[in-house]
Structures are given as structure tokens and as C-alpha cells.
Amino acid sequence: MDTAGATQVLAALEVIYSPSSTNNDRLKSQTFLDRVRLQEESPFWGYEIVLNNSTNFIVKHFGLGLITHAMKHSWKDYNAEKRITLRKCIMELNYRVIDEDPRYIKEKLAYLWVEVAKRTWGEALKGGDPTEELLVESWVDMDSNLTELWGISQASRELALIIFRILFEDVFLLDDMIVLKRMTIIQPLCVMLVCPMDVFAAKYKFTEKWTLFKANQEGWFSVWINELNVALTEGNSTYVIRLLETLKTCLNWPLSEVIIKNDVLSTLLQCFLSSIPKAQSMALDSMHILLTRPYNNDEHYQLVINKVFDSMDILDKVYGDLQFNMEDGVDESKYPIIKKFVDMVSCLYVCVFKVDNDNGQIEKYMKLVLRATFHPSLIVSGLTLDLWCSCLRNDDFIPLLDRYVLRDLLQFAADALIYYEQIEDHVSKKFMDIDFQSKTDYQSFCSSYRKKIRDIIRLISCVRLDYTYDWLNDRLNTYFASPYGQEILSSTFLNTKVEPYLSALSQFMIIECFINGCIRWKIWYPSTENDYDTKLEDILQKLEILSNQLIALNIREPSLLKKLVQNFALFLTMLKDNVLFMLLEKIITTATLDYPGIDLDELNEKSEAVRELRYACGIELNRMALLMPESLKAIYPDLESVVARIMPNLSYHEKISFESFLLTIILKSSLEGKEERFSAIVDPELMAWSDKGTVVGLSDIPWFMERLGVVQIAEYFQKRGINENSNLLDIPIDEEGKKLKNDLSKRWQTLFPVRATRMFIHYSMQSVKKDEEFKMLQDLWRPRIVPILPYIMRLLYQLTAYHDPDSWVDLPVVVQSFVKYSTVERFWEAGASNKSKDEFIDEHMKAMQTLRDFADSVGHIVRYTREYTLLVISAISSLGSVFFEIDEVPDMLLDSIAIYKPGTSIISPGVSTHGWKHVLNVAIRPILKNCPESCSAKFMPAFLPKLFKTLDILLCEKWSGIMNDNDSSAGPRDDDEVTEEILEENLLRQLTTVVVLMLLDCIGQVGPNSKQKLNTHQVKMRKIIFTDMNTLASFLKLLNHLISFKDSKCSFNAMLIMKSCLADVLIKDESVDQFFSFEVMKTLLHTLVSQNTYRDSFYEGMYIFTVLFLTLCREYTSTREYLFELSHGYDIDSLYDNLRKVENYKNQRALMIDFFDHVKRANGSVDDTEDSHGAVERKRQEKREANLRRVNEKLIQKHKDPSDLLDDPATENGAFANLFESA
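All values derive from a computational prediction rather than experimental measurement. (Residues numbered from 1 in each chain as written. Predicted model: local features only at pLDDT ≥ 70, side-chain atom pairs only at ≥ 80, totals over all residues. Heavy atoms only, no water.)

> Which parts of the structure should I look at to understand the overall build of the chain?
When helices and strands are counted, the chain shows 62 helices and zero strands. The C-alpha radius of gyration of the chain comes to 36 Å, within 12% of the 33 Å expected for a compact globule of 1223 residues. Judged by the C-alpha coordinates and their principal axes, the chain covers about 105 × 80 × 65 Å. Counting over 1223 residues, the chain shows a buried share of 55%. Partitioning the contacts of the chain with sequence separation of at least 6, the portion at a separation of at least 24 is 74%. In the structure as shown, the chain presents an accessible area of about 53400 Å², 50% of it carried by carbon and sulfur atoms. Considering the chain, the positive charge centre built from 138 side chains and the negative charge centre built from 174 side chains are found 1 Å apart. (Helix = DSSP H or I, 4+ residues; strand = E, 2+ residues; numbered from the N terminus. Rg over C-alpha atoms; globule rule 2.2 N^0.38 Å. Buried < 20%, exposed > 50% of the residue type's maximum accessible area, 1.4 Å probe, protein only. Contact = heavy atoms within 4.5 Å. Areas by Shrake-Rupley, 256 points an atom, 1.4 Å probe, with all protein chains shown as cover. Lys, Arg positive; Asp, Glu negative; His and termini not counted. Charge placed at Lys NZ, Arg CZ, Asp CG, Glu CD.)

Spelled out as C-alpha cells, the structure:
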């Protein structure tokens, strides 16, 4: 570029960055610069621009950008001479680095150096004896060049460190596509760079030509460690940080001899003692890596462990120095280091029994961890809890714990078992804003923290039962003698968010943990020991005394009494007949306890607390019946009389609980006259299904709405002058409205007998152990279920139709408006709702005093009934052939959930995204699992194709808006609209996850070489799905679309399912093979070349594509022709031949990456502003940093259990069923 050209570039940059420039001028200047980048000589112009503008960093960065653009887009087209010239230009620019260069300029210079190295360094090592020219092209003297760069100046030394860091990140940590193609050369070269030559020679086989690539015989690792030691002594914090940044990238892969020889641990400990926060943080990460990396021999690992434990005094001092005064607030420089420090220390427990010559170091270690456990931050404390749980489960650890920490740990756990969320100004809340993004995240963590605390108390109770019992008695006596305890014993209702309620609840939770510890003792203590029976008898005596003491407590507070009742049921699991009648009497008395002045039909906190107490009593009674039916059989007539006497005072739900209790005793014991007794309880409830009012109410939607009470509400609205334009939230409810609402609430309790049906079947099918019992239950239920099943399905249909606006067209306008209100699903979700949870609850409470409460209540009962109807169907399916032998069931069920518009493939909006998630979790998944083998050959081919097709239509329609959301011209939208979109997308991802989980239930993810085995259900389902063409076609179509959706977690898991199917379905049927050729391979190719959306899925997808490519290209010319067209003319025949010649999959992968890169370029995915790894420079750097964070997290968390990719509390298998256990 001549001087005039350079001047033009400078002028254009000035226009772009000048605040006074117009947009038009900026656009013209940018267009000019874009043209400059496309010129063939642009990299050399860039070199001149950088060279001649050493202090103008904006211009300098642009010049480096020209070189970067050429590297990415033109390097392949350069001949050897041009490549060497460009390399020399880059080297010279690196040599000319100055102290004033900002960090981003140094990063850019280093990036260019590494980009050349990744493409050429060591290429001559691939073949035989290289020529001198080939050695030059392979940058044989790069190590020498780096040594020269190291010696020029402080700035160049920092630059050399950045070069090494980026090189090692790209080679060992990141999924760099260029490196992947040259992995077998470039990785050993990096190892050789950092190692002494003798260490490298002892581990690697190599030829003499490899030595030409090494200049520093001692290796760079020792250079950096020596420099780091000096920098620490001198207190040169900037240099310390730069050295650690590079060292941290090369701790997990070099030969362990290098780690030991250079005594890296001692240097890291000195970093801990420095007052440089960032150095401390990186040193902690580095030590974590050293403790979890593989070692060449056990001696090296032993040396590392011994060194760490011998340094326990240093670690204790470091932890002490990191503490800060909470009165001054959280020290934001120290606190992150404390968390990292405790996380690192907590993983050391696995090394305790590997330490040589204890010398008191283990005691110091355990007391250091205990100090961290006492930290006021729940996050810091929580990092240690898994350690204590693991140690308490390991019998070898127990003597150590007993000797050093157990008593203090028990006291801490008991004091820590509290509801932090409810306690105002608790010290832990000072960390809340730093550790949690939202209040919900904090509450969720508190729940998890309590769970671990409970486990610690339970485990200590088990392994040191006598001590814990005495300690617990002292604690309870002290508490109930205190003012708080006395207030508990004299109060009926308490504020559940403050003391003394919270401390009392804590005591009852500790009792629960103790009982669970006793239950565990029976399993933990060897039954072969001579004193087992004696010890067990002593434990039972202790428990009986404790249960009697608790029964004697005069507690009336409903929420505390509920917890006490749950503890009584736990006592029974150990004490059985000893206390059965006493506890039974206590629970029944509690269930019918009178609370004067409390109207249970009202919606307030006190009424709700009493209702929940009664629900809990019902559940525990049923649990007792399941646990001890024979013991209860003896007093069955008495129980029947008691239940009959109290029935008039019970609500409908409570009656069902007591009837279920009696039914369970009948079915699970050896009581005579089962059928008559069964009929007396069940038939009166089930008759409601064929009742005339029910049948008419289910006949069509207007009758259904009348049965719901919509007509009465409409008449009331008409009286109040309400029309379709009225805002119900602004109109208060009057006395007449309250009376109507109260009457409707009572009607809704018995609207349809779904709860009774579900509860009776559910408890019938619990703990079925013998085939004879199962057949007896089938015989009892078959004549009752078969006649009512059409009504149950019809109810489900009407509940779905109720939510479809097309069902309302013939209704009056005001009724349509009301029904529309009632179908709105109002729920709060963290991260998606624009209101806080408290604001959402406040709005809901306000709505209860307005006419909108009618709509909310009708909507609630409709959704409640639908979801309970799904539970009924799920329960019926547990009866096996009773359900699955009915020919009409597959169509009846699907037609009740997915109502298609006549003559179309459009599914009625009667089930929301949220609703579909529950349909699958609550009904469909259990139905698929419950289908007996004798019925599956008939049921599954009739059910699965339509199910898969429906889910495919549904998901494709819902995902289409997100997949095609590239319209930047959309107008502005308000917060509520954006919030709704975010919430709907979040719900869609949850639904998609559940669909994947359903396919996992059926197919699994077990590949041909996997150590995991398919379960019996999966073997059966695979056989059905893979052998029936209709089922297979709909399954593959759904799976293919799941791979394509923009949900990396689900796409990845769908790929694993696809991978596990290949061996069973390929080359069996030509139409299936054609689907793989023209649909699946197209989907995979689109997914794999997309702009980093599916990085987690990349390797699995590439493997599947490679298998399909080799298999189908061998069999079908049409596959080759289609791929030729799809790839814009890539030589498919040569690719196939080359892949066949290569046996190693890693080398096959390199060939496939070339193919993908070609397709990416041909599709225009790589253009002037975007490359294959990101968009512009800023986005590239952000993405690189994000990937490095993810990799580093993996490096320092190797000691932790892997998490389930689909582990999502919003999609748990039993989430919904469990929700209704207490209802």
C-alpha cells in the first residue's frame, strides 16, 4: 500500500471513530475499509500500517485485523513463499511490541502467532526425511524464535507468555478445528516444549528430526517456575499473574515428572501467602488441577498428597488471613477466594487415607474443614457438607470424625437446621446478593442446604446413636423449658415466619433426622454381630420413650402438629406393634381436632393450616395401613365404627382419605370378606361416574359449563352489570358473590369423582408383591373400571375442549369473556416472570377480593380436575390388562388430549405447553411403562405412531416461531409481551425435555460398546418400535426434529438416542435408509455447520454423520448424489474413499471437519464479518473466554459427581404426582 492508501485508511478510521461524523460518512468509510480487507495484498498493507503507527492503537488494531482476515480466509490459497513471508511479518510485529501496547494489542499479536503455528508448526514431522525447505515451511525454529522474543524486553516476555497460553488453550482445552486436524503432531510438540529433553525422551518414541524443533533443552516449565519464584519474592504482582495465567494452562497435560521436578506445589503455596488476590485465586485453581489430574506413576501422586497435607499449617493460616469483619460488609476481593479455597480443601478428604506419616496433619485438616463449615456464608459452609456426608458413610472415617470433630459437627448441624429464608437480618443474607441472582435461587439453595444438614444429623445419629440420643434429650428438655418452648405449648396459632415457631420446627426436624438415623442403623450395623439384637432392643426402648414424650406434648399449633404427626408415622417403621394403637389414636384424634372459630371453607392462613394438618393425618393413616395391615386387621371393626362416627364432620377430601385407609387394610391384610367390604367402600363413589347429572354434564360443552357453574356465574355477572369490557380485577366481590363462590366451592369438591377413583386405585396398587394379589386386584377392579373408562375419557375431552376458543362461539359474549379469563394460566417462574414472586402472590391475593376470583377459581378447578383425571388414567394403567386390553383405549386417550381440527393436522389449543408437560409426565410416560408384555404387541402399534406424530406436529409448530425468529424489523413491544414470550419459550424447553425423557424411557442411550445395559422395558420397546414400520417412521421423524431444535441439551440427548438406534435400523429397509439419507443427514449437517449453537452436540453429531455417511454411501448412489448437491459440489467419492482408508476415528474426524468447513463456507456461514468460531473480534474473544471458563470448571471439579444433562426440577418424573400426595 502506498502512502496515499495508508493515509486514506487513517482518514476512514478517523471518520468512523469521530463523534461528530454523520452516519452516512461512517457508512462510506466502513465500505471503503471493507473493500481494503478484500484486496489480495491486504495482510501486507496491514503489516505496514502496524509498523508505521506504533502508538496509534486504533489504527494498529485495524492493521492487525487485516492480517487476521487474511489468515482466516486466504491462507489456504497462499503458496509456501507467501506463507513464510506473512509469518515473518507477524514475527517482526511481535518482536516490536512495546510497553505502551495495551493488552488487547498484545493478545491480537499473540493470536496471530498462534494461528500460524496451528497451521504449519511441525508439518514436516508427518512424512519421512524432510527437506530444508519443508523444515522452514514447518517453522522448525519457532522455539528459538520464542526464546528470542522472551529476551527482548519485559513487554516481549509478557507477549511470549500470552503466546504460550493461547497455544496451550487451543491445543489442550478448546475444541479448535484447526488443531483437531493436526492433533497427533501438535500435542507432542507442546509437551516437548515444556519438558526437559531427557524426560520427553523417556516417555515418547520420536526420530532425530523432532529435536530440530526444540531450542530450550530444559523446557519452558522450569523457566516459568523460576521466574514466578523471583517475581513473588520481589512482589511483582503483574508479572506473577501473567506467569500464573500461562502455567495454569499447562498443569493437567505435561508429564508428571515435570510437575515434581519443579516443585510446583511449593510455588503455589507461596502464591497463597501473597497478598495478590488474583494470584491466590489462580493458584487455588492450579492446585485443584494438580490434585485431580492423572499421574504417570503413583509415587508422583503420593508426593503431591504428602506435600499438601504437610502444608496444613500454611493452609490454615491462608484461610485465617482471608477472613474479614462482617460488620464492614462482604469483602468482595477476599470472598471469592474463600469460596475457591474451601472448594479446593473440601476435595482433599479423598486423600486422607493415602497420606504417609500423619503427624497430626489429618486432625488439622478436619478442623480446618470444620472452620469452613461454621462460615456465615451458606455457600462456603455448603461446600463442606458433602464431605461430611461422604465421611459419615465411610466406616473407616468414623473413628477419625469421632476423635476430632463429631460432637461439634452435630451441634453445628442442629443449630443450622433452620429456615434462613424466614429469619430477618440473618448474617447469611449479607451474602445473598453476591451469591444468588434472585430470591428464588436463594430459597432453592437454602432447601438444598437443609437437606444436607438433615443428612449429617441422620448419619451421626446412626453411627453414634447412644451419644446422639442423650444429646437430643438434653436439647429438647432445655428447649421446652425455655420461654419459646413454653409459648409453643400454650399457643394454638403462631406466626410461621418468626420465632418461636421456627425454632420449634427445627427441634421436630432434628427428631425426624434422629428417627431416620435409627432406621439406617438397622441396615448399617452388621446383623451377624453377637450384640445386634441387644443393641436393637435398646434402640427400640429409647424410641418408645421418645415417642411417648412427644405424644404427651400438648401442641395444638396446626403446622407444628402436622410435623409431629409425620414423625409419629416414622416411629412406626421401627416400633411397629409396640406403639401402634397409641399413635393411631393420636393421629385420628389430631385429624378430628376441633379449632373453634375456624371455618374450613374460608380461604385464609389459619383455615389452610388446619386443612393441611388433616390432609397430613390422612396420608399418614394410609401409610400405617400399608406398613402394618395385619396389626390393624385385629381392630378393623372398631376402626370402621370410629370412621363412621367422624365422617359427618369431615370434608369430602378427608372422607376419601379415611375410606382409603379402611380400603388399604381390607386389601393388604388377610381380612375375610374382601369383595363385599371392597364393594361397600368403592361402589358408592364410582357410581357417580354413571350418574345422570355426570353423563349429561359430559355430553357437550354447554352442559359441561353449566355443571361447572359458569351459567350461575354469568347470571350473577348480569345482575352486577358486567360486560365483556369490564376489568374484573377492578370490581370488588359483594356478599351475594361470596355466597355464590362458597356454594360453588362445595359443589366443586364433588363435581366429578376423580379424586376418590385415583386414591382408591393408587392405594390398592401399593406394595403389591405377589402375582396372586395382583390378579385379585384386577378381578376386583375390572368390572368397575371397564364401564366407567369412557366417562373418564369423555371428561378429559371436555376439559380439553373447555380451553379451545372455538368451543365458545355459541355462548353469550359476556360468558365467552369470562371463560377466556378462566383459561389464563397464571403462575410465576423464576427468571421468566417480570414480577417478583412476592408481587405475583400479592396480585393473586388482591384478585381473591374481586370478581376475577371467579375466573381464577373456575380455571383452577378445571386444571385441577384435568390433572387429577390424568392421574386416574395413570393409576388405572397400573392394573395392567384391565386397561390395555380395551381396544378403544389408544384412540380414546389421544383423542381426548389432542383434539384435531376437522380435516386438518392442526391441534386444538385446548392443552397449553405447560399442560402438555404434565400430560406426558403424569399419564403418558407411566402408561408406556405399565403396559404388560402380553398387551404391548397390540397396544403399542395402535398408540405410539399417533402419539409420536402428535408430539411432532405440536413441537414443530411451537418451535417454528423460535427457529425462524430472525426478523429484526419487528416493532417495539412492552415488558409484559416480552415476559410472556420468555415464559412460553422456557415452558417449551421444559416440554421438549420431557419428550426426550419419554423417548429415553423407551429407547435408552446405550450404544453398542457401552457398559450400561438396557432395562427390560427398553428392550421390549425397541423391538416394537424398530420392527413396526409405522411406529418407526413416526419415531424417527420426531427424533430428527428434536435434534434440529434450538435447545442444545435436548438436541444433544436426542443425538445420543439416535446413536443408540443406528445398529438396529440401518440397512434393514430401504425407505428407512432413504429417510436417514435425505432427512437425518441434512438435519445433522445443518446442525453441525451452524454458528456454534450446538457446540455440546458437535462430536456426537459428527460421529453419527460419519457412521451414516460410510454406511449409506456404500449402499446407495442416491445418497452420494444428494450429499454432493447438499455440500455444493464437494467430492463425495474421494471423501468416502479416504474415510475407508483411515482406521482411526480421530483421523476420520479430521477429514469430516474439512468437509464441514467446506459446507460452512459454501453456505456463506463464513463471510467478511463472521468466521467459523464467532462473529467480530469482540464476539470471538467473548466466546473464547466463555469456553475457557467452562473447561476450567470441568478441570477443577473432577472430584464431583457428574450431573444429569436432563436434570431439571421442572421436569421431574413424579413432580406432579407428588404434589397431589398431600392434597
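Here the narrative resumes, following the displayed structure.
> Where do I start with empty space enclosed by the protein in this structure?
Think of a ball as big as a water molecule: rolled over the atoms, this probe shows where empty space is left. Under the definition given, this model contains five cavities of 30 Å³ or more. Empty space within the second largest cavity amounts to approximately 50 Å³. Residue lining of the second largest cavity: Phe-717, Ile-722, Asn-723, Ser-726, Leu-728, Val-814, Ser-817, Phe-818 and Tyr-821, and that is the complete set. The element contributing the most residues to the lining of the second largest cavity is helix 45 (residues 813-822), with four residues. For the lining of the second largest cavity, a count of residues per class yields six nonpolar, three polar and no charged. (1 Å grid on protein atoms, 1.4 Å probe; cavity = no way out; pocket = protein on both sides within 12 Å on 5 of 7 lines; lining within 4 Å. Points joined across faces, edges and corners; volume = space filled by probe spheres on them. Nonpolar A, V, L, I, M, F, W, Y, C, P; charged D, E, K, R; others polar.)

> Quick question: what am I supposed to make of the packing of helix 51 (residues 933-963) against helix 54 (residues 1029-1044) here?
The packing of two helices is summarised by the inter-axis angle and the distance between the axes. Between helix 51 and helix 54, whose axes approach to 9 Å, the crossing angle comes to 20°. As summarised for this structure, helix 51 and helix 54 are arranged roughly parallel, according to the angle between their axes. Where helix 51 crosses over helix 54, the handedness of that crossing is left-handed. Between helix 51 and helix 54, the residues in contact are Pro-941, Leu-944, Pro-945, Phe-948, Lys-949, Leu-951, Asp-952, Leu-955, Cys-956 and Met-963 and Asn-1030, Thr-1031, Ser-1034, Phe-1035, Lys-1037, Leu-1038, His-1041, Leu-1042 and Ser-1044, respectively. Split by residue class, the contact of helix 51 with helix 54 holds 11 nonpolar, five polar and three charged. (Axes fitted to C-alpha atoms, helices over the stretch in contact; angles between N-to-C directions. Parallel < 35°, antiparallel > 145°, perpendicular 65-115°, else oblique. Left-handed = near helix turned anticlockwise from the far one by under 90°.)

> Any chance you could explain the packing of helix 27 (residues 439-463) against helix 30 (residues 501-524) here in plain terms?
It is at 7 Å that the axes of helix 27 and helix 30 come closest, and there the two elements cross at 50°. As judged from the angle between their axes, helix 27 and helix 30 are oblique. Note that helix 27 runs across helix 30; the crossing there is right-handed. Residue-level inspection shows Arg-454, Ile-457, Arg-458, Leu-459, Ser-461, Cys-462 and Val-463 of helix 27 in contact with helix 30, the latter providing Met-509, Ile-510, Glu-512, Cys-513, Phe-514, Asn-516, Gly-517, Arg-520, Trp-521 and Trp-524.

> Teacher, can you tell me more about the side chain of Asn-622 here?
Residue position: Asn-622 is located in helix 34 (residues 605-627). Polar side-chain contacts of Asn-622 include one of 3.0 Å to the backbone nitrogen of Phe-661. Excluding residues that lie within four positions of it along the chain, Asn-622 makes contacts with Ser-657, Ser-660, Phe-661, Thr-664 and Tyr-763. (Polar contact = N/O pair within 3.5 Å; in protein donor to acceptor, adjacent residues only side chain to side chain.)

> Quick question: what am I supposed to make of the nonpolar core here?
Nonpolar side chains in soluble globular proteins tend to be buried together. Residues Trp-121, Trp-224, Phe-1035, Phe-1076 and Phe-1105 are the most contacted members of the largest nonpolar core, which totals 401 residues. With 12 residues, the next largest nonpolar core counts Phe-32, Val-36, Trp-45 and Phe-62 among its residues. (Core = buried A, V, L, I, M, F, W, Y, C linked by side-chain atoms within 4.5 Å.)

> Looking at this structure, I do not really get the packing of aromatic side chains. What am I missing?
The description of two aromatic rings rests on the distance between their centres and on the angle between their planes. Evaluated as defined, the whole model comprises 54 aromatic pairs. Relative to Phe-412, the ring of Phe-374 has its centre 4.9 Å away and its plane inclined at 55°; by these criteria the two rings are tilted. A residue pair is termed long-range when its members are at least 10 positions apart, and Phe-374 in the loop between helix 22 (361-373) and helix 23 (378-392) and Phe-412 in helix 25 (residues 406-416) qualify at 38 residues. Using a relative accessible area of 44% as the deciding quantity, one classes Phe-374 as partly exposed. A centroid spacing of 5.2 Å and a plane angle of 10° characterise the contact between Trp-959 and Phe-1045, whose relative ring orientation is stacked. Separated by 86 residues along the polypeptide, Trp-959 in helix 51 and Phe-1045 in the loop between helix 54 and helix 55 (1048-1065) bring together distant segments of the chain. By the ring-pair criterion, three or more aromatic residues cluster together here, those being Trp-150, Phe-164, Phe-168, Phe-172, Trp-220, Trp-224 and Trp-253. (Phe/Tyr/Trp six-rings, centres within 6.5 Å; stacked < 30°, edge-to-face > 60°.)

None of the figures reported here should be taken as evidence of function without further support.
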